[in-house]
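Below, each chain spelled out in residue letters.
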Amino acid sequence: MSSIIKATDIAYVRFSAPDLDRMEAFLKDFGLHVAGRSEDTLYMRANGPAPFCHVTHKGEAGFVGLGFYAANEGDLKKLAEAEGLAVEASDAPGGGARVRLTDLDGFPIDVVAGQTPADPLPLPEPLSFNADDRYPRLGATKRIAAGPSHVMRLGHAVLDVTDFRASEAWYKARLGFVTSDEIELAPDAPLGAFLRCDGGERYVDHHTLFLVGTGKPGFNHAAWQVANFDDLMAGHSHLEQAGAAHVWGVGRHILGSQIFDYWRDPWGHKVEHWTDGDLFNNETPPGKAGIDALMGAQWGPDAPPAMAE
């Protein structure tokens, strides 16, 4: 089935919270940096070129919506015309333009293009691993600096939806997502699916959006890629020392293969650090898996009940 456009990646996640100072402090411990702030809105960025990846509006605590990237402003015009909407200028860091959709469960979904990239922030030098019978690090020590993880980018978001098949069709028709793995409660009884961007021959993340048909719409979690495994573990220690609420990890997922670590922000929203995930392209066929693969781990603890909240 053809789609109106093909999204190229996830851009940002939006929340509201009554205390922007408290959110800023947590996100700095998580590894993000202030990209812009006004009296009522906080924009945070990662170390990569995206001008921002996390937005907090001042107000009652809650999930507000998601943003995805279109390839260019021409695609925004195609999407706007198909949906009977306007292309509007963005006043967020990086500028550009956006089209504001509303999905079947009422979630605001922005589609953006034409942003001015930010200057990437410095990263630590990659450290070699001595493993198996290969020893690339000879005559040198390995020292991991204490502090927050170095967050590279926002990688994916997970939404609970009322009707999985209907929402899947809505996102695929407008943004061109394709299935990496469908989750079944039983044969031919789908619960949800890991959806990735359609990059053709270009390799992309195993999933950019995961839809779960819980029958009740809501936010499940959003996930940010960090520099490497040691960086994830250093961030784990930093968040632990800062008194952040830990949810699940550290472990390695089965579907997507990421090393993961889940936390809660001060208002209970789940946020994930991950590294070393799978990359698929149009030669990778879709798969099917059960709840055991979804909630299990290759190593590390199985998912606690809090992951279903």
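The structure under discussion appears in the preceding block.
Here's a quick rundown of the structure. If you're wondering where the values come from, they're calculated on a predicted model, not measured in any experiment.

Counting secondary structure elements, the protein contains 5 helices and 19 strands. Against the 2.2 N^0.38 benchmark of 19 Å for 309 residues, the protein shows a C-alpha radius of gyration of 19 Å, consistent with a compact globule. Sorting the 309 residues of the protein into buried and exposed places 50% on the buried side. At a minimum sequence separation of 6, the contacts of the protein that also span at least 24 residues come to 65%. Here the protein displays about 13700 Å² of accessible surface, and carbon together with sulfur accounts for 52% of that area.

Once that is clear, we can look at the environment of Lys77. Positionally, Lys77 belongs in helix 2 (residues 73–83). Measuring from C-alpha to C-alpha, the distance between Lys77 and Ile5 comes to 10.0 Å, with 72 residues separating the pair along the chain.

Our focus in this paragraph is unusual backbone geometry. Cis geometry marks the peptide bond from Gly249 to Val250; its omega dihedral reads 0°. Along the polypeptide, Val250 turns up in strand 15 (residues 245–252). Non-glycine residue Asp188 carries a positive phi angle of around 65°. Topologically, Asp188 is positioned in the loop between strand 10 (178–186) and strand 11 (189–196). Although it is not a glycine, Ser257 adopts a positive phi angle of roughly 65°. Within the secondary structure layout, Ser257 lies in the loop between strand 15 and strand 16 (259–264). Judged by relative accessible area, Ser257 falls into the buried class, the value being 15%.

Parameters and conventions
Residues numbered from 1 in each chain as written. Predicted model: local features only at pLDDT ≥ 70, side-chain atom pairs only at ≥ 80, totals over all residues. Heavy atoms only, no water. Helix = DSSP H or I, 4+ residues; strand = E, 2+ residues; numbered from the N terminus. Rg over C-alpha atoms; globule rule 2.2 N^0.38 Å. Buried < 20%, exposed > 50% of the residue type's maximum accessible area, 1.4 Å probe, protein only. Contact = heavy atoms within 4.5 Å. Areas by Shrake-Rupley, 256 points an atom, 1.4 Å probe, with all protein chains shown as cover.

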